[in-house]
Amino acid sequence: MKDRLTLPLGLLTLAAFAVGLYFSFVSPPDVNQGDLVRLMYVHVPSAWLSYLAYGGTFLFGLAYLVTRRRRFDRLAMASAEIGLLFTALTLFGGSLWARPTWGVYWLWEPRLTTTALSLVIYGGYFIVRGLIEDPERRARVASVIGIAGTLYIPVNYMSVYWWRSIHQTPTVKLLGGTELSADPRMLTALFVMLGAFTVLYFFLLRVRGILAARVEAREDREFEREAALNAPLKEARP
């Protein structure tokens, strides 16, 4: 079937990023950090996208366990892959921001440590997927790991409140009443970039899901071919 969604979704992603980057560059510098604060417009949305992707892994994994439809397993895998990528980008961007503000690229403080832990959790998710050959069993085990792994999200978000941390608290505080602690022009840039990264997630999920379906179809054809070749040999045995 002709794909009528991927191209428009990609174009929408490009348009959203163009608008977001415009607002990011015309927004005012921070009183203390100056233009360095513009890293926020990429760093925070990257972290948000990783949360969104891991949440998608949770939902698709749960949908697979309920329906046993392999399409949901493919989407869970694709979403976890996106989450892993943007977690790495979050840590990279955070390190670039930390060096001029904290004096070091890395500290074993709660927010950074729990973020790094998610790389271990979802890295293990893909290791397990690679070790199990049976597609149904692989999907079941991966779904359970993906669902359990999303417990990382509330722990990571709350880490700056629960433990002593030098990481700043969220710019947009959602707990105990919404609080916006930034210039309105900076918030406009941040929210537009959050929207652009959200659209990017759905675009990447769409593309990666299509690729995963093609790989799975090829593997099924190879399995059927091998089974057909081995059938005469089994019949010929006494």
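Only a predicted model underlies this, so the values are computations on that prediction, with no experimental measurement involved.

What to know about the overall build of the protein
The secondary structure content of the protein amounts to seven helices and two strands. Along the protein, from the amino end to the carboxyl end, the secondary structure elements read α-α-α-α-α-α-β-β-α. Across the 238 residues that make up the protein, the buried fraction comes to 39%. Total accessible area on the protein is roughly 13900 Å²; 67% of this is exposed by carbon and sulfur atoms.

Remarks on empty space enclosed by the protein
Using the criterion set out here, one finds one cavity of 30 Å³ or more in the structure. When its volume is computed, the largest cavity comes out at roughly 30 Å³. Along its surface, the largest cavity is lined by Arg70, Asp73, Pro135, Arg138, Ala139 and Glu216. Breaking the lining of the largest cavity down by element, the ones donating at least two residues are α3 (70–102) and α5 (135–149). Take the lining of the largest cavity: its biggest share by element is three residues, from α5. When the residues that make up the lining of the largest cavity are grouped by side-chain class, the tally is two nonpolar, no polar and four charged.

Brief notes about unusual backbone geometry
Look at Arg68: it is not a glycine, yet its phi comes out positive at around 60°. Within the secondary structure, Arg68 is located in the loop between α2 (40–67) and α3. A residue is classified by how much of its surface remains accessible, and Arg68, at 42% relative accessible area, is partly exposed.

Overview of the confidence of the model for the protein
For the protein, per-residue confidence averages 87 on the pLDDT scale, and residues scoring 70 or more make up 88% of the total. Within the protein, no element has a lower average pLDDT than strand β2 (residues 179–180), which sits at 56, and none a higher one than α2, at 95.

A look at the environment of Thr57
Within the fold, Thr57 resides in helix α2. As for Thr57 and Met77, which are separated by 20 residues in sequence, their C-alpha atoms are 6.9 Å apart. The residues touching Thr57, leaving out its near neighbours within four places in the chain, are Ala76, Ser79, Ala80, Tyr122, Tyr125 and Gly146. Engagement of the side chain of Thr57 in a polar contact is seen with the backbone nitrogen of Ala80, the distance being 3.0 Å.

Examining the pattern of salt bridges
What the rule picks out here adds up to five salt bridges. Its salt-bridge partner being Asp35, residue Arg38 comes within 2.9 Å of it at the nearest N-O pair. The closest approach of N and O atoms between Asp73 and Arg129, which form a salt bridge, is 2.9 Å. Of the two residues, Asp73 is situated in helix α3 and Arg129 in helix α4 (residues 110–131); the sequence distance between them amounts to 56 residues. Using a relative accessible area of 6% as the deciding quantity, one classes Asp73 as buried. For Arg129, a relative accessible area of 12% gives the class buried. Through salt bridges with shared partners, a single network forms among Arg70, Arg74 and Glu216.

Observations concerning the layout of surface pockets
Reported here for the largest pocket is a volume of approximately 910 Å³. Forming the walls of the largest pocket are 36 residues, and the residues nearest its centre are Val44, Ala47, Arg111, His167 and Pro170. Of the residues forming the lining of the largest pocket, the biggest block, nine residues, is contributed by α3. Here the residues of the lining of the largest pocket are counted per class, giving 21 nonpolar, 14 polar and one charged. Its volume calculated, the second largest pocket comes out at about 290 Å³. Around the second largest pocket, the lining residues are Asp3, Phe60, Arg71, Arg74, Leu75, Phe202, Leu205, Arg206, Gly209, Ile210 and Ala213. Of all the elements in the fold, those that place two or more residues in the lining of the second largest pocket are α3 and α7 (184–236). Among the elements that line the lining of the second largest pocket, the one with the most residues is α7, at six residues.

Some words on the environment of Phe197
In this structure, Phe197 sits in helix α7. The spacing of Phe197 and Leu49 is 148 residues in sequence and 6.4 Å in space, taken between C-alpha atoms. For Phe197, the contacting residues outside a window of four places in its chain are Phe17, Tyr41, Val42, Pro45, Ser46, Leu49 and Phe86.

The rules behind these values
Residues numbered from 1 in each chain as written. Predicted model: local features only at pLDDT ≥ 70, side-chain atom pairs only at ≥ 80, totals over all residues. Heavy atoms only, no water. Helix = DSSP H or I, 4+ residues; strand = E, 2+ residues; numbered from the N terminus. Buried < 20%, exposed > 50% of the residue type's maximum accessible area, 1.4 Å probe, protein only. Areas by Shrake-Rupley, 256 points an atom, 1.4 Å probe, with all protein chains shown as cover. 1 Å grid on protein atoms, 1.4 Å probe; cavity = no way out; pocket = protein on both sides within 12 Å on 5 of 7 lines; lining within 4 Å. Points joined across faces, edges and corners; volume = space filled by probe spheres on them. Nonpolar A, V, L, I, M, F, W, Y, C, P; charged D, E, K, R; others polar. pLDDT = per-residue confidence, 0-100. Contact = heavy atoms within 4.5 Å. Polar contact = N/O pair within 3.5 Å; in protein donor to acceptor, adjacent residues only side chain to side chain. Salt bridge = Lys/Arg side-chain N within 4 Å of Asp/Glu carboxyl O.

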